[in-house]
Amino acid sequence: MSSLSPPAKKLWWNEPIHKSELLWISLVFVWGMVMTFMMPYWHVVGKQNLGTETYGTTPKAFQAATQAFVDQYDTGRTEGPKNFPVVAPPEGGDVYLMARLWDWWPIVELKKGATYRFHLSSLDWQHGFSLQPANINVQVVPNYEHVFSLTPNAAGEFSVICNEYCGIGHHLMIGKILVVD
Ligand code: CUA
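Counting of residues starts from 1 at the beginning of each chain's written sequence and follows it residue by residue. Local features in this predicted model are restricted to residues of pLDDT 70 or higher, and side-chain atom pairs are both shown and tallied only at a pLDDT of 80 or more, whereas totals for entire chains, interfaces and linings draw on every residue. Side-chain measures were taken over the full set of non-hydrogen atoms in the model, leaving aside hydrogen atoms and water.

Asker: Looking at this structure, how should I read unusual backbone geometry?
Answerer: Excluding glycine, residues mostly have negative phi values, and the peptide bonds linking residues are mostly trans. Cis peptide bonds are those with omega within 30 degrees of zero, and the linkage from Trp105 to Pro106 qualifies with -5 degrees. You can see Pro106 is positioned in the loop between β5 (103-105) and β6 (107-111). Of note, the bond from Gln132 into Pro133 is cis; its omega dihedral lies within 30 degrees of zero at 5 degrees. Every helix listed is a DSSP run of H or I at least four residues long, and every strand listed is a run of E at least two residues long, numbered separately from the N terminus. One can find Pro133 in the loop between β8 (127-132) and β9 (136-140).

Asker: Help me understand the packing of aromatic side chains in this model?
Answerer: Here a ring pair, both rings aromatic, is described through the centre-centre distance and the interplanar angle of the planes. Here is the rule: rings of Phe, Tyr and Trp (six-membered ring for Trp) pair when centre to centre is within 6.5 Å. Planes less than 30 degrees apart are stacked, more than 60 are edge-to-face, and the remainder are tilted. If you walk through the whole model with that rule in mind, you get 9 aromatic pairs. Consider the rings of Trp104 and Phe129, whose centres lie 5.9 Å apart with planes at 85 degrees: the pair is edge-to-face. Here Trp104 is found in strand β5, whereas its partner Phe129 is found in strand β8, with 25 residues between them in sequence. In this pair, the class of Trp104 matches that of Phe129, namely buried. Members of the aromatic cluster, each reached through a chain of ring pairs, are Phe62, Phe69, Tyr73 and Tyr96. Each residue is assigned to one of three classes by its accessible area relative to the maximum for its type, calculated with a 1.4 Å probe on protein chains only: buried under 20%, partly exposed between the two thresholds, exposed over 50%.

Asker: Where do I start with the sheet that holds β5 in this structure?
Answerer: Backbone hydrogen bonds hold the strands of a sheet together, and the pairing may be parallel or antiparallel. On the basis of which strands lie adjacent, the open sheet formed by 5 strands has the order β1-β10-β7-β4-β5 and mixed pairing. Strands at the two margins of the open sheet, each flanked by one partner only, are β1 (53-56) and β5. Put simply, the sheet's adjacent strands are angled 25 degrees from each other on average, direction ignored. At least two bridges found by DSSP between two strands are what make those strands a pair. In the sheet, strand β4 (residues 94-100) pairs with strand β7 (residues 116-122) via 6 bridges, with the strands oriented parallel. In the sheet register, Ala99 faces β7, and the bridge partner there is Ser122. Packing of helix α2 (residues 59-73) onto the sheet brings it into contact with β4, β5, β7 and β10 (144-150), and relative to β4 it is tilted by some 130 degrees. Note on definitions: angles span 0 to 180 degrees between N-to-C directions of axes, and those axes are lines fitted to C-alpha atoms, for helices only across the stretch in contact. Whether two residues touch is decided by their heavy atoms; if any such pair falls within 4.5 Å, the residues are in contact.

Asker: Please clarify how the pattern of salt bridges should be interpreted in this entry.
Answerer: Side-chain pairs of opposite charge can arise where the charged atoms are in close proximity. By definition, a salt bridge exists where a carboxyl oxygen of Asp or Glu is found within 4 Å of a side-chain nitrogen of Lys or Arg. Inspection of the entire model under this criterion finds 8 salt bridges. Close ionic contact of Glu79 with Lys176 constitutes a salt bridge, the shortest N to O distance being 2.7 Å. With Glu79 in strand β2 (residues 74-79) and Lys176 in strand β12 (residues 174-180), the pair connects residues that are 97 residues apart, well separated along the chain. Residue Lys82 is joined to Asp103 by a salt bridge in which the shortest nitrogen-to-oxygen separation is 2.7 Å. Taken together, the positions of Lys82 in the loop between β2 and β3 (84-87) and Asp103 in strand β5 put the pair 21 residues apart, joining distant regions of the chain. Salt bridges linked by common partners bring Glu79, Glu157 and Lys176 together as one network.

Asker: Would you take a moment to explain helix α1 (residues 19-45) for this structure?
Answerer: Two residues of an α-helix separated by three or four positions point the same way, owing to the 3.6 residues in each turn. The terminal C-alpha atoms of α1 lie 37 Å apart, and with 27 residues this matches the ideal 39 Å at 1.5 Å per residue to within 8%. Values of bend correspond, residue by residue, to the angle between axes fitted over the seven residues ending at that residue and the seven starting there. Of all the bends found along α1, the most pronounced is centred on Met39 and spans about 30 degrees, while Pro40, a proline, follows it within four residues. Each helix should span, by expectation, one fewer than its residue count multiplied by 1.5 Å.

This is a description of form; function is not addressed.
Shown next, in the form of structure tokens:
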């Protein structure tokens, strides 16, 4: 083996570390520690990334649970370009929201100030639940059911954007949550 400009001292690992290199290594180490600390800190202080309970499921089981939820609380109304059912669960009830290529199904109607238990899963591969403009983010993967509590504090129409790239229809994967007073 050779190189165009071999080092003058071949046993370079025996040379003392240059000050500037030590400085860089220290900076990287300190920044790494800051970032590591930020993960638990931001989880507690930041309100965007919810701590979800996570359970094992299967796409088939989750689809069945979501279908049962829709059948039970269907308002009979539909919304959006695909005429998805609008489902209004009772206050304090469970909400099932299913991610799939490239939809969030169904459309949910909630009451402002009431607390709901959200259940999220995916039928195919990884999607991201990003509730806008509240900026709440939950990663949604198949075979796992993510559960968290959510209390809408404002009435209106909220979008659920997919924030994990999931293929050619990713940018069209927009769900809707309605909140009524
Ligand atoms: Cu689903 Cu991106």
